[in-house]
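Survey of secondary and tertiary structure
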Amino acid sequence: MATDFPGDYQMACADTPASAAGQRSVGGIDFDQIHDRQQFGSVKWANQWDEFSPRVEGRDLLSLWTADMDFRAPETVIARLREAADHGIYGYTRRDARHYEIVQSWFTRRHNWSPALGTLLPAPAIMPSVAAILRTFTKPGDGVIVQSPVYSPYFEVIQGNGRVLLTNRLTLQDNRYELDLEDFEKLAASGAKVFLLCNPHNPAGKAWTLQELTALNDICERHGVLVISDDIHCDIRLSDRPHIVFSSISDDAAEKSFICTAPTKTFNLAGVPSATISVANKKCRDKLLAAMQATFMVNANFFGRLALEVAYDTGAPWLDQLTGYIAGNVDLVCEFADQYLPGITPMQPDASFLVWLDARELDRRVGGVQKFLVDNAGVNLYDGRVYGPGGEGFIRLNVGCPRALLHRGLERMSKALTSPLIDRNRV
Ligand SMILES: Cc1ncc(COP(=O)(O)O)c(C=O)c1O
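Counting restarts for each chain: residues are numbered from 1 in the order of the written sequence. Note on the predicted model: pLDDT of at least 70 is required for a residue's local features to be given, and 80 or more for side-chain atom pairs to be given and counted; whole-chain, interface and lining totals, by contrast, use all residues. The side-chain values count all of the structure's non-hydrogen atoms but skip hydrogen atoms and water molecules.

Structurally, Tyr 90 is set in the loop between α4 (75–87) and α5 (97–111). Relative accessible area decides the class of each residue, using a 1.4 Å probe on protein chains only: under 20% of the type maximum gives buried, over 50% gives exposed, and in between gives partly exposed. Using a relative accessible area of 45% as the deciding quantity, one classes Tyr 90 as partly exposed. For the pair Tyr 90 and Leu 341, spaced 251 residues apart in the sequence, the C-alpha separation amounts to 49 Å. The contact rule is simple, with two residues in contact once any of their heavy atoms fall within 4.5 Å. In this structure, Tyr 90 is in contact with Ala 84, Ala 85, Phe 302 and Phe 303, ignoring residues within four places of it in sequence. Each helix corresponds to a stretch of at least 4 residues labelled H or I by DSSP, and each strand to a stretch of at least 2 residues labelled E; elements are numbered beginning at the N terminus.

Residues three or four positions apart in an α-helix share a direction because the helix packs 3.6 residues into each turn. Here, expected helix span is obtained from the residue count minus one, scaled by 1.5 Å. Relative to the 20 Å expected for 14 residues at 1.5 Å per residue, helix α9 (residues 210–223) spans 20 Å between its end C-alpha atoms, a close match to the ideal helical length. The inward-facing, buried residues of α9 abut β3 (143–148), β6 (176–178), α8 (181–189), β7 (192–198), β8 (226–230) and α10 (251–255). Phi for Gly 224, located one or two positions after α9, is positive at around 65°.

Domain delimitation follows an automatic or database domain assignment. Here the protein is described as being made up of domain 1 (7–74 + 316–417) and domain 2 (92–314). Centre-to-centre, using C-alpha coordinates, domain 1 lies 26 Å away from domain 2. Taken residue by residue, the interface counts 37 residues in domain 1 and 36 residues in domain 2. The buried area of a pairing is the accessible area, by a 1.4 Å probe, that goes missing from both parts when the two are put together, added over both. Summing the contributions of domain 1 and of domain 2, the shared interface buries around 3,000 Å²; its carbon and sulfur component is 57%. A pairing counts as a salt bridge when a side-chain nitrogen of Lys or Arg comes within 4 Å of a carboxyl oxygen of Asp or Glu. The interface formed by domain 1 and domain 2 includes 2 salt bridges. In protein, a polar contact means a hydrogen-donor-capable atom and an acceptor-capable atom, both N or O and within 3.5 Å, with residues adjacent in sequence counting only if both atoms are side-chain atoms; elsewhere, any N or O pair within 3.5 Å suffices. Scanning the region where domain 1 abuts domain 2 turns up 18 residue pairs in polar contact (both at pLDDT 80 or more).

What follows is the structure, given as structure tokens:
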């Protein structure tokens with residue numbers, strides 16, 4: 001932990017439930033260990049999404065933006081992948097019946113949802129699945145509803161495939177997002193074909209309730225709107241709100257929905273992806289499978305298939321430890337912000353490892369808070385504007401990192417925000 005910050009706060013950190021929850025090296029897991037990820041081409045630490053995107057430039061940047069974690073995967077996964085790597089033959093590989101049983105068993109144990117084995121389709125990752133579903137069940141010009149602020153590749157997959165983006169803005173009440181069902185119904189009635197649901201919601205980490213999902217389903221049912229549910233963030237549970245799978249709420253919800261799941265956020269496997277889509281409606285399932293076969297999307301990746309199976313099969317104890325550690329990091333952010341980050345209010349997430357920070361007034365004052373923090377604090381967070389209407393003035397902080405790194409980032413932010421160089425009168 002950096003030593004140049006008020007000593008009282010460092011003492012407090014050592015005593016917070018945060019630190020207690022993130023126990024050191026339990027069962028061989030050491031979430032406090034800092035790893036150099038640059039040697040393997042990490043997007044997060046290069047501060048550049050890919051070779052076609054702009055790079056965030058800055059000196060000695062701490063990367064707290066894109067959604068992967070700086071932790072090693074469960075040891076069982078590493079050991080099996082190492083064995084497979086040592087075997088040295090990386091030919092075509094297939095998923096057998098056990099693959100789907102493992103997926104089913106995970107969701108039964110963790111989320112009280114037991115999709116019939118026959119409903120499960122394999123997929124390379126979540127976003128290619130969303131693209132395939134949109135291309136199969138809608139035509140260019142058809143409307144697709146999203147709820148902003150939201151994960152920005154949704155905009156790209158809709159507009160990049162020639163579909164029309166229909167934005168249903170979430171409303172803020174007491175620092176939590178709520179649904180605007182009236183506006184949602186207007187959009188559904190305007191001829192929308194698909195609703196792309198983010199459950200739990202990225203960037204705010206909100207787990208939708210049964211009541212909320214039921215209200216959305218009722219509207220979709222009235223207007224013949226299909227539902228794609230992206231459940232990638234469902235496994236890291238930070239509040240007592242359960243994850244409710246959209247298709248589990250009623251038979252008609254199941255009949256109209258595509259549930260997209262993956263272990264990649266949960267177990268930090270984004271670079272060895274593999275996913276599963278559950279489609280209860282047989283006609284839709286057959287049509288989607290045919291479309292995915294026609295684009296050769298169902299061939300398994302050698303390492304991705306294996307990682308999914310081992311992670312779901314053996315990773316639960318690791319996930320439980322991780323969840324405690326992440327909860328501790330979220331607590332740290334909230335307590336620290338309260339004392340040392342003037343103008344920044346975190347939103348408490350129900351799930352995952354992302355904290356959405358309300359910095360609207362500050363954003364106006366400094367002329368863009370994300371850039372201000374890059375330039376003055378050397379920390380790279382995601383600019384809320386990326387998440388569409390309603391994201392302006394917010395920033396998204398990834399807390400999936402060793403606590404010392406997070407603490408260093410928070411300290412740097414605090415110093416920049418309390419510097420006399422900020423013109424407090426500029427609004
Ligand atoms: C809500 C959401 N969906 C999908 C993805 C990406 O999934 P994949 O890499 O499997 O395409 C992310 C990654 O951050 C995400 O946050």
